[in-house]
Amino acid sequence: MWQALYDEVKARNFVVISVALDSGGPAKTEQWIRGAKATYPCLIDERHATAEQYGVVNVPQAVWIDEAGRIVRPTETAGSTDAFRTELDRGTKQMTARGLAERERVRDAYVNALRDWAVTGQASPYALAEAAARRRLPQASEEHALAAANFRLGQYLHARGHAQAAAPYLATARRLHPESWSYRRQTWELEEPGKAGGPEFWAAVDALGDRPYYSPAVLEP
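Residues numbered from 1 in each chain as written. Predicted model: local features only at pLDDT ≥ 70, side-chain atom pairs only at ≥ 80, totals over all residues. Heavy atoms only, no water.

Novice: Can you help me understand unusual backbone geometry in this one?
Specialist: Peptide bonds are mostly trans, and most non-glycine residues show a negative phi. Looking along the chain, the bond that leaves Val59 and enters Pro60 is cis, with omega of 0°. Within the secondary structure, Pro60 sits in the loop between helix H3 (49-54) and strand E3 (61-65). Backbone geometry places Lys37, a non-glycine residue, at a positive phi of 55°. You can see Lys37 is positioned in the loop between helix H2 (26-36) and strand E2 (42-45). If you check the backbone angles, Lys93 has positive phi at about 65° while not being a glycine. Take Lys93: it is sitting in the loop between strand E5 (88-89) and strand E6 (94-95). Residue classification places Lys93 among the partly exposed residues on the basis of a relative accessible area of 47%. (Helix = DSSP H or I, 4+ residues; strand = E, 2+ residues; numbered from the N terminus. Buried < 20%, exposed > 50% of the residue type's maximum accessible area, 1.4 Å probe, protein only.)

Novice: Looking at this structure, how should I read the packing of helix H7 (residues 142-159) against helix H8 (residues 163-176)?
Specialist: Helix-helix packing: each pair is described by the crossing angle between the helix axes and the interaxial distance. Across the interface, H7 lies against H8 with an axial gap of 8 Å and an inter-helix angle of 160°. With respect to H8, the axis of H7 lies roughly antiparallel. Judged by the twist between their axes, the crossing of H7 over H8 is left-handed. Each of Glu143, His144, Leu146, Ala147, Asn150, Phe151, Leu153, Gly154, Gln155, Leu157 and His158 in H7 lies in contact with H8, whose residues at this interface are Ala163, Ala165, Ala166, Tyr169, Leu170, Thr172, Ala173 and Leu176. Residues that form the contact of H7 with H8 fall into these classes: 12 nonpolar, 6 polar and 1 charged. (Axes fitted to C-alpha atoms, helices over the stretch in contact; angles between N-to-C directions. Parallel < 35°, antiparallel > 145°, perpendicular 65-115°, else oblique. Left-handed = near helix turned anticlockwise from the far one by under 90°. Contact = heavy atoms within 4.5 Å. Nonpolar A, V, L, I, M, F, W, Y, C, P; charged D, E, K, R; others polar.)

Novice: Just checking my understanding: could you explain helix H9 (residues 181-191) for this structure?
Specialist: At 3.6 residues per turn, the α-helix brings residues three or four places apart onto the same side. H9 sits mainly inside the fold: 9 of its 11 residues count as buried. Of all the positions in H9, only Trp181, Ser182, Tyr183, Arg184, Arg185, Gln186, Thr187, Trp188 and Leu190 are classed as buried. Of the surrounding secondary structure, the elements contacted by the buried residues of H9 are strand E1 (18-21), H3, H7, H8 and helix H10 (199-206).

Novice: I keep staring at the pairing of strand E4 (residues 71-77) and nothing clicks. Help me out?
Specialist: Side chains on a regular strand alternate between the two faces of the sheet. Buried residues dominate E4, accounting for 6 of its 7 residues. As defined by bridge partners, E3 adjoins E4 across 4 bridges and the pair is classed as antiparallel. Counterpart to Ala62 in the pairing with E4 is Glu76. Adjacent in sequence and paired antiparallel, E3 and E4 are bridged by 5 residues, among which Gly69 carries a positive phi angle near 85°. (Pairing = 2+ DSSP bridges.)

Novice: Explain the packing of H8 against H9 here, please?
Specialist: It is at 9 Å that the axes of H8 and H9 come closest, and there the two elements cross at 160°. The orientation of H8 with respect to H9, classified from their angle, is roughly antiparallel. Here H8 and H9 pass one another in a crossing that is left-handed. Where H8 abuts H9, its residues Ala167, Leu170, Ala173 and Arg174 lie against Tyr183, Arg184, Thr187, Trp188, Leu190 and Glu191. Residue classes in the contact of H8 with H9 are distributed as 6 nonpolar, 1 polar and 3 charged.

Structural data, given as structure tokens:
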């Protein structure tokens with residue numbers, strides 16, 4: 001969907017920048033990036049510096065930034081829904097027709113809003129005024145900063161072959177910033193390949209109860 005949108009409105013000084021938050025680096029992500037054949041910039045952020053700067057806690061999330069470098073819409077879910085929790089067969093990985101329809105509806109709404117901003121700029125009803133954008137900025141805390149430090153230290157140790165020493169730091173990052181599904185999935189995957197999509201992940205999703213996995217983007221002003 002991003003390639004189609006980029007092709008449609010790139011002449012209006014609009015660009016998509018895709019950032020893969022993956023501690024595995026090019027070895028884990030490059031094949032997917034090349035396979036997508038995207039013509040917009042695709043970056044790989046092993047250290048999760050983008051997540052720290054913009055408050056990204058899940059994927060896909062997006063930030064709208066104008067030509068002056070101002071954040072027009074802070075980090076929000078970019079066209080995804082929680083349909084996978086109720087409409088996905090966890091054995092076959094097949095989504096029901098209802099789940100597919102809901103996913104398409106939400107994606108279309110998000111892309112239409114983004115297209116409107118790309119075409120009309122600050123006149124778009126989806127472009128937030130500075131005060132409104134500030135109110136929606138993700139709120140960082142001391143715990144989040146400590147989580148980031150533990151995550152980086154765990155990464156550092158793991159990359160140098162000290163997986164056992166890295167484990168408590170990775171676990172601490174998860175504990176200090178439980179809202180970050182990026183930390184959860186990345187640290188699980190470092191601990192054991194495939195763990196990020198295994199029983200631990202689904203148990204954590206089920207434990208959410210009525211709380212969302214993907215907080216819906218509030219597109220109304």
